[in-house]
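Each chain, written out:
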Amino acid sequence: MARFHETLMGVYFDDLDAFQILHNARYLLLFERTIGSFWKHLGWGGVLDAQKNPDQFHFVRANNIEYLRPVVGVRDVRVRVWIEKLGRSSLTFGFRVLPTDQDEDFARGTRTVVRVDPTTHRPVPWTDAFRATLEPYRADLNA
């Protein structure tokens, strides 16, 4: 397995549904925040600036989540992300939501993003620098 980025996230009362389990839509929020943490870890946080980092401009193409067992009640969870596949202009993240004390998934899934030109919004290739930085996190290179 390639290197991954993992962060500890809190599940709070307002994240729960009527059954006191994590609402299905909140998994995407946990994943979104973990991707933000991943970008920050790589030094790519903050305001979008095409001159400094043209790879910041991308659109979400798809999210896929498989809910395997419920997250019950207020607690902490681990959210793990890695690069499942890096294409010419697309990037697919893999993710897992896990308890703090086990490696048994609550949920797992993917998100695919596409790099776009900030003016035309048309797909454009990722830069070589971006590819090099993501290399240690790429599962598709270790297959």
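The structure this text deals with has already been given above.
Residues numbered from 1 in each chain as written. Predicted model: local features only at pLDDT ≥ 70, side-chain atom pairs only at ≥ 80, totals over all residues. Heavy atoms only, no water.

### Points about the overall build of the protein
Counting secondary structure elements, the protein contains 2 helices and 5 strands. Reading the protein from its N terminus to its C terminus gives the helix and strand order β-α-β-β-β-β-α. Relative to its length of 143 residues, the protein is compact, with a C-alpha radius of gyration of 16 Å against a globular reference of 15 Å. Out of the 143 residues belonging to the protein, those deemed buried represent 43%. Considering only contacts in the protein between residues 6 or more positions apart, those separated by 24 or more positions represent 66%. Computing the positive centroid from 19 side-chain charges and the negative centroid from 18, the protein places the two 4 Å apart. (Helix = DSSP H or I, 4+ residues; strand = E, 2+ residues; numbered from the N terminus. Rg over C-alpha atoms; globule rule 2.2 N^0.38 Å. Buried < 20%, exposed > 50% of the residue type's maximum accessible area, 1.4 Å probe, protein only. Contact = heavy atoms within 4.5 Å. Lys, Arg positive; Asp, Glu negative; His and termini not counted. Charge placed at Lys NZ, Arg CZ, Asp CG, Glu CD.)

### Topic: the sheet that holds strand S3 (residues 75-86)
A sheet is described by the order of its strands in space; here 5 strands give the open sequence S1-S3-S4-S5-S2, paired in antiparallel fashion. Edge strands, defined here as strands with exactly one partner in the open sheet, are strand S1 (5-11) and strand S2 (58-67). Across the sheet, the mean angle from the axis of one strand to that of its neighbour is 25°, orientation sign disregarded. Where S1 meets S3, 7 bridges bridge the pair, whose relative direction is antiparallel. Across the sheet, the residue bridging to Leu8 is Arg78, located in S3. Sheet strands in contact with helix H1 (residues 24-41) are S1, S2, S3, strand S4 (90-99) and strand S5 (107-115), and its direction is about 140° off that of S1. (Pairing = 2+ DSSP bridges. Axes fitted to C-alpha atoms, helices over the stretch in contact; angles between N-to-C directions.)

### Some details on the nonpolar core
Counting residues in hydrophobic clusters, the biggest one holds 30 residues, and the most contacted among them are Phe38, Trp39, Val77, Leu91 and Leu134. Those elements giving two or more residues to this core turn out to be S1, H1, S3, S4, S5 and helix H2 (128-134). Top contributing element to this core by residue count: H1, with 6 residues. Those residues in contact with Leu134 that lie beyond four places of it in its chain are Phe38, Trp39, Leu42, Trp44, Ile83 and Leu91. (Core = buried A, V, L, I, M, F, W, Y, C linked by side-chain atoms within 4.5 Å.)

### Focus on unusual backbone geometry
Note on backbone geometry: most residues besides glycine have negative phi, and most peptide bonds are trans. The backbone phi angle of Gln20 is positive, close to 65°, even though this residue is not glycine. By relative accessible area, Gln20 is classed as partly exposed at 35%. Positive phi outside glycine occurs at His121, with the angle close to 65°. Its location among the elements puts His121 in the loop between S5 and H2. Classification of His121 as partly exposed rests on a relative accessible area of 44%.

### Digging into the pattern of salt bridges
Taken as a whole, this structure holds 12 salt bridges when the rule is applied. With its nearest N and O atoms 3.3 Å apart, the salt bridge here joins Arg78 to Glu6. Of this pair, Arg78 sits in strand S3 while Glu6 sits in strand S1, and the two are 72 residues apart along the sequence. We classify Arg78 as buried; its relative accessible area is 12%. Note on Glu6: relative accessible area 28%, which makes it partly exposed. (Salt bridge = Lys/Arg side-chain N within 4 Å of Asp/Glu carboxyl O.)

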